[in-house]
Amino acid sequence: MNEEVNRVHLSDEQWLDLAGAAGDAASRQHLAECAACVGELAGLRGAIEQYQLAARKSADQPESFWLRQRTSAVSRALGRRAVPRLAWMTAAAVVTLAALSLVRQEPPTKPAPTATAQTQQAQAESDSALLADVQRQVQREVPEALQPAALLVEEMNQHADERRNP
Amino acid sequence: MESTLAQRQTLRFRADAATGIAREEFEEIVRHHQRRVFRILLSLVWNTDTAETLTQECFLRAYRGRADFRGEASVGTWLVRIAINLAADHGRNRRSAFWRRLFARPRDGEDAVAQADRIPDPGVSPLRQLMAREKLEAVWAAAKGLSVNQRTAFVLRFVEEMSLEEISQTMEVKTGTVKSHLARALAAVRRQVKEKGRHE
């Protein structure tokens, strides 16, 4: 009993070595003789193992989670820089082109009022001629393509009338 | 294989500071490190949404600050460094928000305690839900009482299984300081495990 009370147990540094590895020779020697420290070490290692397991398990995520995270991280890092630069370049190009076209473009010449009136009149005449032609075509008894045949028939009828009424 | 990929990414990232980086290359870096960064952040902030937001922020900061990356550490170490700084900032912001709310004039008869209650409880995270068992409760209870540096060192050592040197490089502190943080964290966990053991 007195031996147990007076026993010098492991130091904090020795516990640290033992928790993650085999420990030094002195620690191992102590463990070979001290059941209390063996029990405590088993409890400590078990607790740490459970903690590690829980930490790793809780960080387990579906592949979609990692993909989303990766896409977002990459977009935030690279996307935000690339897009504005491109946008600025495009905007600058558009503004430059617009300015150049404004400088080079001459003011548009308005057509003279008389010229406009003449154009309108010519258009009206052309329309009237077209309508008249259509009217003639409609009123014609025989289509234009059969006009020679119509003349022949007319002549034959004329001859027949002359024979009947000499 | 792993180290070759890390070296390639390190070289590419360094070169990129001057020449720019292709979308595919940056995406490959994100793909390679996103799970680890997210896991570390989740272990530090205990909230899935916050961890996701901070993970994205981590990659954004890495990209924007790639000119500062000198290649002394790997891209992975550098990203984890950014992540733990983000988690620390987040913790500070939460604490300052707590005090602001606590001392703000109560609105519509609402008392300060009710306002403080609105601070998100990390206990509702999936990690917390998994900690139903006694041993997990012990580590959880201990982790709650740790300082940011102690908790960070603990997560990097016992969740990520990083060596003391890697942790030292990531946290930008001496190996002795890492040992000190870890020893204190582990002592707290041991106390909690013992306590739980007594109640069983």
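The structure displayed is predicted, hence computed values, not measured ones. (Residues numbered from 1 in each chain as written. Chains lettered and ligands numbered in written order. Predicted model: local features only at pLDDT ≥ 70, side-chain atom pairs only at ≥ 80, totals over all residues.)

1. With respect to the nonpolar core
Line of reasoning, step 1. Of all hydrophobic cores here, the largest spans 61 residues; its most connected members are Leu41, Cys58, Leu79, Ala83, Val139 and Val189 of chain B.
Line of reasoning, step 2. By residue number, the principal contributor to this core is helix α2 (residues 23-45) of chain B, which donates 10 residues. (Core = buried A, V, L, I, M, F, W, Y, C linked by C-beta atoms within 7 Å. Buried ≥ 20, exposed ≤ 12 C-beta atoms within 10 Å, placed from the backbone. Helix = DSSP H or I, 4+ residues; strand = E, 2+ residues; numbered from the N terminus.)

2. A word on unusual backbone geometry
Excluding glycine, residues mostly have negative phi values, and the peptide bonds linking residues are mostly trans.
Residues and elements named next belong to chain B.
Line of reasoning, step 1. The backbone of tryptophan 46 shows a phi angle near 60°, a positive value even though the residue is not glycine.
Line of reasoning, step 2. Looking at the element boundaries, tryptophan 46 is found in the loop between α2 and α3 (48-64).
Line of reasoning, step 3. Phi is positive for glutamate 161, which is not a glycine, with a value near 55°.
Line of reasoning, step 4. Looking at the element boundaries, glutamate 161 is found in the loop between α8 (148-158) and α9 (164-171).
Line of reasoning, step 5. Owing to 10 C-beta atoms within 10 Å, glutamate 161 belongs among the exposed residues under this scheme.

3. Quick look at the packing of helix α4 (residues 35-58) of chain A against helix α7 (residues 134-144) of chain B
Line of reasoning, step 1. Look at α4 of chain A against α7 of chain B: their axes get within 8 Å of each other, and the N-to-C directions meet at 85°. Considering their axes alone, α4 of chain A and α7 of chain B lie roughly perpendicular with respect to each other. Together, Gly46, Ala47, Ile48, Gln50, Tyr51 and Ala54 of chain A of α4 of chain A and Lys135, Leu136, Ala138 and Val139 of chain B of α7 of chain B make up the contact between the two elements.
Line of reasoning, step 2. Looking at the contact of α4 of chain A with α7 of chain B residue by residue, the class counts come to 7 nonpolar, 2 polar and 1 charged. (Axes fitted to C-alpha atoms, helices over the stretch in contact; angles between N-to-C directions. Parallel < 35°, antiparallel > 145°, perpendicular 65-115°, else oblique. Contact = placed C-beta atoms within 7 Å. Nonpolar A, V, L, I, M, F, W, Y, C, P; charged D, E, K, R; others polar.)

4. Let's talk about the environment of cysteine 37 of chain A
All names here are of chain A.
Line of reasoning, step 1. Note that cysteine 37 resides in helix α4.
Line of reasoning, step 2. Note on cysteine 37: 20 C-beta atoms within 10 Å, which makes it buried.
Line of reasoning, step 3. For the pair cysteine 37 and leucine 10, spaced 27 residues apart in sequence, the C-alpha separation works out to 7.8 Å.
Line of reasoning, step 4. With near-sequence residues (within four places) excluded, cysteine 37 lies in contact with His9, Leu10, His30 and Leu31.

5. Let's talk about the confidence of the model for chain A
Line of reasoning, step 1. Counting all residues, the mean pLDDT for chain A is 79, and 78% of those residues have values of 70 or more.
Line of reasoning, step 2. No element of chain A has a lower mean pLDDT than helix α1 (residues 2-6) of chain A, which averages 53, and none a higher one than α4 of chain A, which averages 89. (pLDDT = per-residue confidence, 0-100.)

6. Notes on the interface of chain A and chain B
Line of reasoning, step 1. With 30 residues of chain A at the contact, the number on the chain B side is 39 residues.
Line of reasoning, step 2. Among the elements of the structure, α2 (12-20), α4 and α5 (63-104) of chain A are those that each provide at least two residues to the side of chain A that touches chain B.
Line of reasoning, step 3. The dominant element in the side of chain A that touches chain B, judged by the number of residues it contributes, is α4 of chain A, at 14 residues.
Line of reasoning, step 4. Classifying every residue of the side of chain A that touches chain B by side-chain character gives 15 nonpolar, 8 polar and 7 charged.

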